[in-house]
Amino acid sequence: KELAVGGYHEIMIWSTTEPKLARRIKDVEQRVFGLAYSADGNMLVSGSLDTTILVWDLRSLPNAQKLAPAELDRYIVAEIAKWTKVIREAGVRVD
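So, here is what we can say about the structure in this document. Keep in mind the model is a prediction, meaning the values are calculated, not measured.

Calculation notes
- Throughout, residues of each chain are indexed from 1 in the direction in which the sequence is written.
- A pLDDT threshold of at least 70 governs which residues receive local features in this predicted model, and a stricter bar of 80 or more applies before side-chain atom pairs are shown or counted, although totals over entire chains, interfaces and linings include all residues.
- For side-chain calculations, the full set of non-hydrogen atoms in the structure is used, while hydrogens and water are omitted.
- Helix numbers and strand numbers start at the N terminus; a helix is a DSSP run of H or I with at least 4 residues, a strand a run of E with at least 2.
- Between N or O atoms, a polar contact is any pair within 3.5 Å; within protein, one atom must be a potential hydrogen donor and the other a potential acceptor, and residues adjacent in sequence are included only when both atoms are from side chains.
- In what follows, residue pairs with any heavy atoms lying within 4.5 Å of each other are defined as contacts.
- Think of a nonpolar core as a cluster: buried Ala, Val, Leu, Ile, Met, Phe, Trp, Tyr and Cys residues, connected wherever their side-chain atoms sit within 4.5 Å.
- Remark: exposure states derive from per-residue accessible area (1.4 Å probe, protein chains only) relative to the maximum for the residue type, with buried under 20%, exposed over 50%, and partly exposed in between.
- We call two strands paired when DSSP finds no fewer than two bridges between them.
- Fitted lines through C-alpha atoms give the axes, limited to the stretch in contact for helices. The angle between two N-to-C directions lies from 0 to 180 degrees.

## Let's talk about the side chain of S15
At step 1: Structurally, the position occupied by S15 is in strand β2 (residues 11–15).
At step 2: One polar contact links the side chain of S15 to the main-chain amide nitrogen of E18, over a distance of 3.1 Å.
At step 3: Apart from residues no more than four positions distant in its own chain, S15 is found in contact with K1, K20 and A22.

In structure tokens, the structure reads:
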């Protein structure tokens, strides 16, 4: 388990099981004010002072990569399809 913390020109990812810095993303151009993990924990979204929103693929760490718009679109479509299937399997009607 990890906790992401925004900083100035970096994102620090701390281990919650040990008191140590687990990872660091330095490819950030502005101070980070907002962070959110994807439901599966594989992606991290960062929001910066200059209103830039970046999506990071955490599976590629230690060298996390910013996703290009086409990659982001594919990821969003895959996530919607996955959750639509889960909802349908739970018996909820999805139109």
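That shown, we press on.
## A closer look at the nonpolar core
At step 1: Of all hydrophobic cores here, the largest spans ten residues; its members are A4, I11, I13, I25, V28, V32, L44, L54, W56 and L58.
At step 2: Sequence-distant contacts of L44, that is, excluding residues within four places in its chain, are made with A4, I11, I13, I25, L35, A36, Y37, L54, V55, W56 and L58.

## Considering the environment of A36
At step 1: Following the sequence through the fold, A36 ends up in strand β4 (residues 32–37).
At step 2: Sequence-wise, A36 and S46 are ten residues apart; in three dimensions their C-alpha atoms are separated by 6.8 Å.
At step 3: Apart from residues no more than four positions distant in its own chain, A36 is found in contact with M43, L44 and V45.

## Quick look at unusual backbone geometry
At step 1: Phi at H9 is positive, roughly 65°, even though this residue is not glycine.
At step 2: Residue placement: H9 occurs in the loop between β1 (2–6) and β2.

## Quick notes on the sheet that holds strand β3 (residues 21–25)
At step 1: If you walk across this open sheet you meet the three strands as β1-β2-β3, and the pairing is antiparallel. Either end of the sheet is taken by a strand with one partner, and the two such strands are β1 and β3. Strand-to-strand twist across the sheet, computed as the mean angle between neighbouring axes with direction ignored, equals 20°.
At step 2: Sheet topology note: the β2/β3 ladder contains four bridges and is antiparallel. Its bridge partner being in β3, M12 is matched across the sheet by R24.

## Notes on the environment of D50
At step 1: Along the polypeptide, D50 turns up in the loop between β5 (43–48) and β6 (53–57).
At step 2: It is 9.2 Å that separates the C-alpha atoms of D50 and V32, two residues lying 18 residues apart in sequence.

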